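Results of the structural survey
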Amino acid sequence: MERHLSDKVSTIPEMRRILAVRGYRELREAVEREIAGKTGADALRAMMLAMRRYALDRPGLSAATFRTPEIDTPEWRAAYMELGAVVLGVFGQLGVRGEQAMHALRILRSLVRGFVLHEMASSFLEPLGHDQSYELAIKVFTEGLAVLRK
């Protein structure tokens, strides 16, 4: 495991912390790559697609980012805040700021994670394409942000 992590690991909680931080950093990098040169709704769509793709491609690291008492460290919080700053910047372009942006972030995380968990578990029984449903989810979320604008 140390060979894959490039860090010395002596305990399971330490390994979980390293994986959680790596997951947030990789996700932030993926989001930044995808939103580069985009603004507003285009940036939001690119960000949401990148989040889903990352979770599907890296399910272990994506799940590792979920907050638990053993990974809630200053390093984890910093990685979380760095990703949050990118996401909040996109929301700001759409006129959603402050507390309302924090609500939007919470809703976004729930939407992406929930969708991906159902997709990975094959719990969607309807014969509809995941990509088409996710595109509709992006549209509903984007248009729904009007509720949070002040």
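Scroll up a little and you will see the structure.
Thresholds applied
Residues numbered from 1 in each chain as written. Predicted model: local features only at pLDDT ≥ 70, side-chain atom pairs only at ≥ 80, totals over all residues. Heavy atoms only, no water. Axes fitted to C-alpha atoms, helices over the stretch in contact; angles between N-to-C directions. Helix = DSSP H or I, 4+ residues; strand = E, 2+ residues; numbered from the N terminus. Left-handed = near helix turned anticlockwise from the far one by under 90°. Contact = heavy atoms within 4.5 Å. Nonpolar A, V, L, I, M, F, W, Y, C, P; charged D, E, K, R; others polar. Parallel < 35°, antiparallel > 145°, perpendicular 65-115°, else oblique.

At a minimum axis distance of 8 Å, the contact between helix α2 (residues 12–35) and helix α3 (residues 40–57) shows a crossing angle of 140°. For the element pair α2 and α3, the recorded crossing hand is right-handed. Only A43, A46, M47, A50, M51, R53 and Y54 of α3 make contact with α2, whose side of the interface consists of R22, G23, E26, L27, A30, V31, E34 and I35. Residues that form the contact of α2 with α3 fall into these classes: 10 nonpolar, one polar and four charged.

Secondary-structure assignment places R28 in helix α2. Those residues in contact with R28, other than ones at most four positions away along the chain, are E82, L83 and V86.

On to the packing of α3 against helix α7 (residues 130–144), then. Viewed as axis vectors pointing N to C, α3 and α7 meet at an angle of 135°, and their least axial separation amounts to 10 Å. By the criterion of interaxial angle, the relationship of α3 to α7 is oblique. Between α3 and α7 lies a crossing whose hand is right-handed. Of the residues in α7, those touching α3 at A41, L44, R45, M48, L49 and R52 are H130, D131, Y134, E135, I138, F141 and T142. For the contact of α3 with α7, a count of residues per class yields seven nonpolar, two polar and four charged.

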